[in-house]
Amino acid sequence: MNFVDELRWRGMIHDMTPGTEEQLNKEMTSGYVGIDPTADSLHIGHLVSVMILNHFQRCGHRPIVILGGATGMIGDPSGKSQERNLLTEETLRHNQQAIQKQLKKFLDFDSTEKNRALLLNNYDWLSKFSFLDFIRDIGKHLTVNYMMAKDSVKKRIAGEGDGMSFTEFSYQLAQGYDFFHLHEHFQCKLQMGGSDQWGNITTGIELIRRKTGQEAFALTCPLITKADGGKFGKTESGNVWLDPEKTSPYAFYQFWLNCSDEDSKKYIRIFSLLSKAKIETLEKEHDNAPHLRILQKKLAKELTIRTHSLEDYEAAVNASEILFGKGTAQQLSKLSEKMFFSVFEGVPQIKIEKTLLEKPIAVEDFLAEMTEIFPSKSEVRRMLKDNAISVNKSKIDDTYTFSHESLINQKYILIQKGKKNYYIVIVV
RNA sequence: GGGAGAGUACCAGAGCGGUCAAAUGGGGCAGACUGUAAAUCUGUUGGCGAAGCCUUCGGAGGUUCGAAUCCUUCCUCUCCCA
């Protein structure tokens, strides 16, 4: 299998340096991408790079992941984020372990194959550099003129912003040095990344060329977009993480299931390993019956199983059916407690005293004051008028009162605001 | 330092003495339709209530029967001149 061809039909190539393809066809090549270890989990924005490495490895090359423990402290100037927090070494190691565990689902680190993946942390070499050594051995090889010609720098200097600190300006050198280091110690000849990394990558190539006279290569992929112009990988509740503690498998599954038709065609090429023929067949089926959401379901399935597990996937499908299917109060009460809470995992839970339900309580009082699910009684009244509130999957009106009889299995009440917003009240 | 102007609900932006809880647009939320979609249409978008009442228009005072609207002062922002 040819790596470049594979990425090409998947729409994952934005740009390459000349000769990249020849190099990859010539021999097993080591290539790397960098990841910022700012959290102890990857999110789906990272997944593109990871998938590139996955293809890279399946095509017989050796993938290397660099955690930017050191560079992450500096901050890539492309984002105008505030001062980065310095990660302690302890946190760094913790994050590294957690991330590696997740990467193992996508890359083979442990086999005896000679192209098994490698995970490194640039903190291990950059932290040992003295300032003097760095500017003498590295800074000397590149002119400021060269560095200033980069788009990411030009924009900041020409722009109206607050200018650019020397620290940020140096970022490309640090990243460039990484490439050089890997080239020297791991025969790494290729760096990959998002198209926004092009400038940083070519700095590394230039550094390698000047210091060693040898050639190195770059390959970038387009930044992932959504058809509606929104930012990929974000939901109302923030990033979509791979860590099930941060984003439940159910929410993860739902994220992919809710992709638009247009996006899912793009995403299934990027995030699944399905063959070209298979994807094209699925697309045809999808277009014939778009409401079945064949692509979204397939995509969600592939990724949920890979990232989490088959059991998690099945539970997510099950939960989705209860939540969005024609679930009824009867069905709800049939669920075991364990199943109930796994279906409604991640749903806000409100605990109340059992004694409060001894006498009937008016809807507004219960929903606005006792449980604070709604911000005010007026809000509750409005929602009731709109026919938007359900208790235990049944619509209610303003004559409804809460009491012991509202409880499912003596224990909880399921409140719905509209179709998608669930709340669970638990008596204690 | 001198001059001009502006600050209104989540945002933008009308209102310039009573009919203003405050136009309109966007956003949000909900309903219908649907594919847990998009588009569209509808409702709703300060609080408590049955009518009605209470608190809101940068802050604090004042004029008036009555102020988001007039006056004083303070704060903040924008523009122009040096």
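Every value quoted in this text rests on a predicted model; they were computed, and no experiment measured them.

*Asks:* Before we move on, can you summarise a positive patch on the surface with the specific residues and values?
*Replies:* On the surface, Arg293, Lys297, Lys395, Lys419 and Lys420 cluster together to form a positively charged patch. Residue position: Lys420 is located in the loop between strand S14 (412-417) and strand S15 (421-427). Look at Lys420 and you get exposed, because its relative accessible area is 58%.

*Asks:* Tell me about the protein's contact with RNA strand B, and name the residues and values.
*Replies:* Around RNA strand B sit 26 residues in total, of which Leu257, Ser378, Arg381, Arg382 and Asn421 are the nearest. Of all RNA strand B atoms lying within 4 Å of any protein atom, the proportion belonging to sugar or phosphate reaches 63%. For RNA strand B, a sugar or linking oxygen lies 3.3 Å from a polar atom in the backbone of His291. At 3.3 Å from a base nitrogen of RNA strand B is found a side-chain nitrogen or oxygen belonging to Gln296. When residues of the surface near RNA strand B are traced back to their parent elements, those giving at least two are helix H12 (249-257), helix H16 (310-324) and helix H20 (377-385).

*Asks:* Summarise the nonpolar core; cite the residues concerned and give the values.
*Replies:* Counting 71 residues, the largest nonpolar core has Phe3, Ile44, Leu47, Met192, Trp256, Phe271 and Phe344 as the members making the most contacts within it. The biggest single contributor to this core is helix H3 (residues 47-58), with 7 residues. Those residues within four positions of Met192 in sequence are excluded, and the remaining contacts are Phe3, Gly31, Tyr32, Val33, Ile52, Leu53, Phe56, Ile201 and Leu219. Counting 26 residues, the second largest nonpolar core, distinct from the first, contains Ile66, Phe134, Ile208 and Ala216.

*Asks:* Give a description of the domain arrangement of chain A that names residues and reports values.
*Replies:* It is common to give the size of an interface as the accessible area lost on bringing the parts into contact. Domain boundaries assigned for chain A yield domain 1 (3-221), domain 2 (234-324) and domain 3 (346-427). Measuring from the centre of the C-alpha atoms in domain 2 to the corresponding centre in domain 3 gives 31 Å.

*Asks:* Give a description of the sheet that holds strand S4 (residues 118-121) that names residues and reports values.
*Replies:* The 6 strands lie next to each other as S1-S6-S5-S2-S3-S4, forming an open sheet whose pairing is mixed. The outermost strands of the open sheet, each flanked by one partner alone, are strand S1 (15-16) and S4. In the packing of helix H10 (residues 166-186) onto the sheet, the strands contacted are strand S2 (30-35), strand S3 (62-67), S4, strand S5 (188-194) and strand S6 (217-221), and the crossing angle to S5 comes to about 145°. Together, S1, S5 and S6 form the strand contacts of helix H11 (residues 198-212), whose direction differs from that of S6 by roughly 170°.

*Asks:* Lay out the side chain of Lys393 in plain terms, naming residues and giving numbers.
*Replies:* In this fold, Lys393 is placed in the loop between strand S11 (389-391) and strand S12 (394-395). For the buried Lys393, no salt bridge is present, and the opposite-charge side chain at shortest range is Glu321, 12 Å distant. Of the polar contacts made by the side chain of Lys393, one reaches the backbone oxygen of Ile322; its length is 3.4 Å. Polar side-chain contacts of Lys393 include one of 3.0 Å to the backbone oxygen of Leu323.

Analysis parameters
- Residues numbered from 1 in each chain as written.
- Chains lettered and ligands numbered in written order.
- Predicted model: local features only at pLDDT ≥ 70, side-chain atom pairs only at ≥ 80, totals over all residues.
- Heavy atoms only, no water.
- Patch = residues over 30% accessible without salt bridge, like charges linked within 9 Å, V, L, I, M, F, W, Y side chains within 5 Å.
- Areas by Shrake-Rupley, 256 points an atom, 1.4 Å probe, with all protein chains shown as cover.
- Salt bridge = Lys/Arg side-chain N within 4 Å of Asp/Glu carboxyl O.
- Lys, Arg positive; Asp, Glu negative; His and termini not counted.
- Charge placed at Lys NZ, Arg CZ, Asp CG, Glu CD.
- Helix = DSSP H or I, 4+ residues; strand = E, 2+ residues; numbered from the N terminus.
- Buried < 20%, exposed > 50% of the residue type's maximum accessible area, 1.4 Å probe, protein only.
- Near = heavy atom within 4 Å.
- Polar contact = N/O pair within 3.5 Å; in protein donor to acceptor, adjacent residues only side chain to side chain.
- Core = buried A, V, L, I, M, F, W, Y, C linked by side-chain atoms within 4.5 Å.
- Contact = heavy atoms within 4.5 Å.
- Domains from an automatic or database assignment.
- Pairing = 2+ DSSP bridges.
- Axes fitted to C-alpha atoms, helices over the stretch in contact; angles between N-to-C directions.

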